Structures are given as structure tokens and as C-alpha cells.
Amino acid sequence: MIIGVPKEIYPEERRVGLVPRGAEALIKMGFEVIVETNAGDAADYSNAKYEAVGAKVSQSANEVWGQSDIVIKVREPDTAESRLMKEGGTLISFFWPSKNSELLKYLNTKNVTALAMDCIPRITRAQKMDALSSMANIAGYRAVVEAAHEFPHFFTGQITAAGKIDPAKVLIIGGGVAGLAAVGAAKGLGAIVRAFDTRLAVREQVESLGGEFLELNFDEDGEGGGGYAKTMSDEFIKAEMKLFAEQAIDVDIIITTALIPGKEAPKLITAGMVESMREGSVIVDLAAEQGGNCSLTKPNEKVVHHGVTIIGYTDLPSRMAALSSRLYSAGIVHLIDEMGGTENYDVDLENEVIRGALVLQNGSIMWPPPKPKNPGPKYSVDTGDRPEKGKAETETTRSEVKPCTGMRTIKYAIYLALAIGLYIAGNSLPESDEFVERFIDQLTVFVLACFVGWQVIWNVKPALHTPLMSVTNAISGIIIIGGILQISRPEIDASVILGAAAILLAAINVVGGFLVTNRMLAMFRQ
């Protein structure tokens, strides 16, 4: 199969759909890769780099589009590119089917199979293919860089001979991937960072990055489906607008990321709020492509109003083209690998990741995908609706408790049976056999060490170390106990030396494990 990578023709788009590293991975899978000449130049990936990994560089865009079984792009194709698409071919790119219905219908007439990278479901097993999150991460970081470029003061506070300089105050509206990336970047530059999100679960993530989470005294949560926020009540919106108005007077920089897929960006920063900000302040609107969260935002432009700079750039990931292309390319490679590579290539409708991304298939419009089935009686992942309290909830609770209690009983019954069996086996052996007696003694100690070590270490509070560290420490504890028994013998032989070595190495593993874990936990402390 041939994979084609055409050059992006969207104005100011610097990214490329597949970088040389990704091309090399696909070639190893058995694909043939054709790249349009100079497709990666704007992202610092020259033709020579593609040729070095075995990809073919074509001088003709028509050849890339016409010969390729699978076309990989970043932006959705325009009208001219759509005409070049091979009949019955496959397209993988950002697609935005909700706003590109005409493109959807036209490609469907050519029996094209299209997978939209923006429709990859936001579930754990699809994280390695989640191009939206990787691009949002870059956009959040770049938003802080753009704000720092326009802000006429330091981000960090300083004490100089000329006097004290206060740190900049940054407000980030929206605690998704982009918002959290902005929190981390702004905090790293030394600013005082505040963040707001309608989803209360975001609080811990903001605070772990060193930011202050602003919370309304309101009994309403904005958790929606797929990792996104939901539309809030009118009363809540009034309360949050009041909060933003108060913050606008105090902060120096506002970065907005609030956006609900398929809907126009909510207006959160009014002209009056902008005028209340200090001269030299900056607003970076990451929702500009959908109309913007600020009423004065102009997409793809920088506006200055009453001394406040309002940035509405929609190409922030493209401004870091080399990194953006590499992360996007990695997601593409993982997606094609998920589809089986060349040997087992298949658009599997039973695969929730593939089905979620599939918008067209051989003359059939597959978007929107069916909603996933309710995973259980507790509540729906898609809507966030909780069940009514009462009989149903009580029955669920009881049904969950019984299996857990039964499993615990079975586990302890097995332990007891093993102990009784070991005792009977030991008593049935002849007393004159010294080797057998010694072996049984050692085996008894070993089994007890396994049981005690596992139970003690495994039940340590998870906050102290990871489950993986629990297991390794349990094993190391068993080794240490065994080593102590060996070195307690009066004569020095090979077993004593090996026991001492085992104690040393296991102790290093335990101590080192806790030191590493302590450093990991320190990363999340303020």
C-alpha cells in the first residue's frame, strides 16, 4: 500500500502530516511512502531527510494524491485537493465534520474512507493517537510565549536597586489540556497564576502545577462528556461573569481556552472588562477560530484596544511546526498501527477508537458515531447524569459488596489450606533426614516471608509509593529476610556471601525506590 503526504496549502500552515521518523516507522510496517517535494521544509524536515529513511519524494502533487491509497494531511483538504483524491482512497487528517458538511458529501461521492483526527475519542487507550490534545498542549504553551512577547514587564518578580518589581498575574480560563499547559508555562516563568474551570475536578490538576483555582460558591458542576465541559445554567454564567470582571481589574494577562466542540465559543470577556484592565495588559484568545471568548477578538489578528493587546492567532501549534508535526505524526503512526499495518489492515467498526474517528467509509457517511453503551448502573460517562437515590442505588451497592467479600474469603481460605498442607508435609517426613528437615524449615520461612512481606508492603497507603513500587519492595523485603537467615549461620560459605550480597542489593533497591518516589511526589507539591 502507498501512503502519500502532500504539502499543506492552507495559508501560513507550516506543519506536515508525517515527519521522517514517522515515515521510517510506516516503511518498516511494509508501506511505501511518497512525500510531495518541500512538504516538510517549513517544519525543518527537508527532502533529503525523507529520502534518507527510504521515502520517495515526488515533484508532483497530482502524483501524490492520485497514486496514494492513504493520504495523510494536517488540515482538511480544500475543493481543489478533494478533486485530486483517488477514487476509493483513504484520507487521514483533521476534518471537523460538523462544519465541513459539503466536503463530507463530496468525498462520499468518490467512495473515500476518511478518518478524522479531531474525532479520536478521548479515552485512555486512545491517548497515543489524540492529536487534539497534543496540539492543544502546544497551543497552551505557545499562548504564554506570545503573551510574554507582548507584555511590557517581567513575568517573575524581582528586587532590584531601582526598587521591587511585582510578578505578573495571569488568569487562565479553562482547565483542559491547553489551559493546564498554560498554567505550567506561566508558573515556570514566575508569574502568579490563577485558573478557572466549570469542572471542579480540574482543581487538583491546577493546584498540582502551582496555580490557584478560582471556585464559585455554586452547587453546579460543568463536567460533560468526552473530557469536555458542558453548557452551564444562566445563574452560573452570571456568577462567573462577575468573577471575570473582578479578575480583569487585578490581573495583567488573560488566556482563554473555553470551547465546547461543535458550538460557537462563549463570550466570557466583554469590551467593558477589557477597558477595565491596566494599559499594557494582554489577552490571548485560544478560541478565536470559533469566534473567540473575548468580544473584541479578531481571528488571525492582533488588536490593541485601550492599551490592551488582544491576540487572536489561530495557528499557535503551527508556530512550533517542528514539534507539532512530530507529535501529530506519532499519532498518525499509532492510528495506522491500530488498524493493523499492512499485514492486517482493516477499518474495524468494532474498534471504538477507529469507529470514533471514522467519518466516511466507501460511500457511506459514518459520522456521528453511535454513542457508547452505558458502562454500568452508576452513571453515564457521556452525560454525567447520576441515578436517583433510592432502591436502584442500594441494589447496586449491595451487588458490588458481595463479590468483594466473597473473593476475600476465598483468598484467606487458600492461605489457610497452604499453611495446613505445609504443616502436614513437614510432619510426615522422616526425622533422620537432616537435609529434608532443613529444606522444610527454609521453605516455611520463605512462604511466611512472602505472605507477611506482601501484605505489609501492599497495604501501605498508595500516596506513599506507586503500586509497581509496592510490588518491587515486597519482593525486595522477601530477599532481605532470606539473606538475613543465610548470614546468621555460624560457618562462612558461599550461601553466607550470597546472602550478604542479596541484602545489599535489595536494600539499595528499596531505599532507591523510595527516594525516586519522593522526588516524583515533590513535583506535585507547591
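Below: a short report on this structure. (Residues numbered from 1 in each chain as written. Predicted model: local features only at pLDDT ≥ 70, side-chain atom pairs only at ≥ 80, totals over all residues. Heavy atoms only, no water.)

Further remarks concern helix α1 (residues 20-29). For α1, the full list of buried residues reads P20, G22, A23 and L26. Down the axis of α1, the smallest arc covering the buried residues is 155°, so these residues share one side. Exposed positions of α1 whose direction lies more than 90 degrees from the buried face are R21 and K28. Taken together, the buried residues of α1 touch β1 (2-5), β2 (32-36), α2 (47-52), β4 (70-72) and α11 (321-338). Trailing α1 by a residue or two, G30 shows a phi angle of about 115°, which is positive. (Buried < 20%, exposed > 50% of the residue type's maximum accessible area, 1.4 Å probe, protein only. Helix = DSSP H or I, 4+ residues; strand = E, 2+ residues; numbered from the N terminus. Arc of directions from axis to C-beta. Contact = heavy atoms within 4.5 Å.)

L18, L26 and V33 are the most contacted members of the largest nonpolar core, which totals 44 residues. Ranked by residues supplied to this core, first place goes to α11 with six residues. Those residues within four positions of L26 in sequence are excluded, and the remaining contacts are I3, L18, F31, V33, I72, V333 and I336. Membership of the second largest hydrophobic core comes to 27 residues, among which are A186, V202, V206 and L316. (Core = buried A, V, L, I, M, F, W, Y, C linked by side-chain atoms within 4.5 Å.)

Closest axis-to-axis distance for the helix α6 (residues 131-150)/α11 pair is 9 Å, and the angle between their directions is 165°. One way to sum up the angle between α6 and α11 is to call them roughly antiparallel. In the packing of α6 onto α11, the handedness of the crossing is right-handed. On α11, the residues that touch A131, S134, M135 and I138 of α6 are L323, S324, L327 and Y328. Looking at side-chain class alone, the contact of α6 with α11 contains six nonpolar, two polar and no charged residues. (Axes fitted to C-alpha atoms, helices over the stretch in contact; angles between N-to-C directions. Parallel < 35°, antiparallel > 145°, perpendicular 65-115°, else oblique. Left-handed = near helix turned anticlockwise from the far one by under 90°. Nonpolar A, V, L, I, M, F, W, Y, C, P; charged D, E, K, R; others polar.)

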